[in-house]
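Below, each chain spelled out in residue letters.
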Amino acid sequence: MEELNSGRFFALTKNDELYRSLINCKQQLQQTRIKDSKPDLEPVKEDISVPVPKR
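Predicted, not measured: the structure shown is a model, and the values here were computed from it.

Examining the pattern of salt bridges
Here the structure, examined in full by the defined rule, presents two salt bridges. The residue E3 makes a salt bridge to R8 at a minimum N-O spacing of 3.2 Å. Classification of R8 by relative accessible area gives partly exposed; the value is 48%. Where E17 meets R20, a salt bridge forms, and the shortest distance between an N and an O atom there is 3.1 Å. Here R20 and E17 lie together in helix α1 (residues 17-37), a separation of three residues that amounts to about one turn. Judged by relative accessible area, R20 falls into the partly exposed class, the value being 42%.

Parameters and conventions
Residues numbered from 1 in each chain as written. Predicted model: local features only at pLDDT ≥ 70, side-chain atom pairs only at ≥ 80, totals over all residues. Heavy atoms only, no water. Salt bridge = Lys/Arg side-chain N within 4 Å of Asp/Glu carboxyl O. Buried < 20%, exposed > 50% of the residue type's maximum accessible area, 1.4 Å probe, protein only. Helix = DSSP H or I, 4+ residues; strand = E, 2+ residues; numbered from the N terminus.

Structural measurements only, silent on function.
Take a look at the structure:
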């Protein structure tokens, strides 16, 4: 990784808190995109009773 302000390079590993934070942000963004792409569906309220024909 490179720090933009100083130009300093540093290694980033899976054990670093910064790495975990970046992964967490990425996952939250993906979940938000999935949630926003799904339409809000309201449950359909139907009368499921079937009329019985008179004989």
